[in-house]
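# Geometric and topological summary
Each chain, written out:
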Amino acid sequence: NNVWCFGRRTTATFTGGTPVFSENNMEVYECSSSVSDAAGNLLFYTSGSKIWDASGNLMPNGTALAGSTGSSMNGVAIVQSVSNPDQYYVITTDEFESGLANAYYSVVEMNLNGGLGDVVPGQASVLIDTGLAEGVLVTPIPGCSGYWLVLHRRYTPQYMAYHLGAGGFAGTPVISTSPFPPVINSFFGYGTFNNAGNRVVYSWSQLVETASFDDNTGIFSDFIKLDFTPNALYYNIFSPND
């Protein structure tokens, strides 16, 4: 996480402690993700539908991918494969403006394209699910055995937790239902896991809720609605001590 590529061509590098700013080739409004190697060297960055390598060039097969073009709230994430450390999953959701409501993944193999990485043929824009709100949320499973990918069913109070392990995505999600009804703008939302990975906070435009999360089963429980005035809140984050 040493290098952040985001926004309108902005890169912030934290390798030396104090951030150093530079320019990249991506322009997005609401979602982006970047990943570095264990030494903190940038590997690639993405808006969801496009993927740039560390040199700032679009990967040969990293254009016109399904998913966000840069306006899906929190709409893209990158996770390293459990079974192959040279491969990464790029997970993305459609933006509401597209008229679609799907989630997809593409697999990037770092040994392709002369070591700069490329999308694996046949593993681009793979459909995960349909009828979803904007936004991707990922948390690791204890013991480095995989991840939980959390998506939200559009216009409903349902949380969908998909297991991503050594064998890839599980076909059926674990579904948890909040007792609080969805709000009119529940086609997007912003979620954050705490550092311990056992609690989530989720912000809609007119609702903020938090819940416990069992990182062994993928089940959310103990939902609590948080009341704020004004009730138009977008982003959230846990403190370092949760």
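Residues numbered from 1 in each chain as written. Predicted model: local features only at pLDDT ≥ 70, side-chain atom pairs only at ≥ 80, totals over all residues. Heavy atoms only, no water.

Across its full length, the protein holds zero helices and 20 strands. Since a compact globule built from 242 residues should have a radius of gyration of about 18 Å, the 17 Å found for the protein is in line with a globular shape. If you line up the protein on its principal axes, its C-alpha atoms span 50 × 40 × 40 Å. Expressed as a percentage of the 242 residues in the protein, the buried residues total 51%. Relative to all contacts within the protein whose residues are 6 or more apart in sequence, the contacts with residues 24 or more apart total 45%. Summing over all exposed atoms, the protein offers an accessible surface of approximately 11,100 Å²; the carbon and sulfur share of this is 53%. (Helix = DSSP H or I, 4+ residues; strand = E, 2+ residues; numbered from the N terminus. Rg over C-alpha atoms; globule rule 2.2 N^0.38 Å. Buried < 20%, exposed > 50% of the residue type's maximum accessible area, 1.4 Å probe, protein only. Contact = heavy atoms within 4.5 Å. Areas by Shrake-Rupley, 256 points an atom, 1.4 Å probe, with all protein chains shown as cover.)

With that settled, the discussion passes to empty space enclosed by the protein. If you walk through the whole model with that rule in mind, you get one cavity of 30 Å³ or more. Its volume calculated, the largest cavity comes out at about 30 Å³. As for the largest cavity, its lining consists of His152, Thr156, Pro157, Phe180, Pro181, Pro182, Trp204, Leu207 and Glu209. Across the lining of the largest cavity, the residue classes break down as six nonpolar, two polar and one charged. (1 Å grid on protein atoms, 1.4 Å probe; cavity = no way out; pocket = protein on both sides within 12 Å on 5 of 7 lines; lining within 4 Å. Points joined across faces, edges and corners; volume = space filled by probe spheres on them. Nonpolar A, V, L, I, M, F, W, Y, C, P; charged D, E, K, R; others polar.)

The space that makes up the largest pocket amounts to roughly 1,600 Å³. Every residue lining the largest pocket is counted, 46 residues in all, and those nearest its centre are Asn1, Ser33, Ser34, Ala77 and Val138. Of all the secondary structure elements, the ones that give two or more residues to the lining of the largest pocket are strand 1 (3–6), strand 4 (33–36), strand 7 (76–80), strand 12 (137–141) and strand 17 (190–193).

This part covers the sheet that holds strand 1. If you trace the three strands from one edge of the open sheet to the other, you get 1-2-3, paired in antiparallel fashion. Two strands in the sheet have a free side with no partner beyond their single neighbour: strand 1 and strand 3 (20–27). Averaged over all pairs of adjacent strands, the angle between strand axes in this sheet comes to 25°, irrespective of strand direction. Here four bridges tie strand 1 to strand 2 (residues 8–13), and the two strands are oriented antiparallel to one another. Considered in strand 2, the bridge of Trp4 is made with Ala12. (Pairing = 2+ DSSP bridges. Axes fitted to C-alpha atoms, helices over the stretch in contact; angles between N-to-C directions.)

Our focus in this paragraph is the pattern of salt bridges. Taken as a whole, this structure holds three salt bridges when the rule is applied. Taking the shortest distance from any N to any O, the salt bridge between Arg9 and Glu27 comes out at 3.0 Å. Highlighted residues: Arg9 in strand 2 and Glu27 in strand 3, separated in sequence by 18 residues. Of the charged contacts, one joins Arg153 and Asp129 as a salt bridge, the two residues approaching to 3.4 Å between their closest N and O atoms. Of this pair, Arg153 sits in the loop between strand 13 (146–152) and strand 14 (158–165) while Asp129 sits in strand 11 (residues 126–129), placing them 24 residues apart in sequence. You can call Asp129 buried: its relative accessible area is 16%. One network of salt bridges, in which partners are shared, links Arg8, Arg9 and Glu27. (Salt bridge = Lys/Arg side-chain N within 4 Å of Asp/Glu carboxyl O.)

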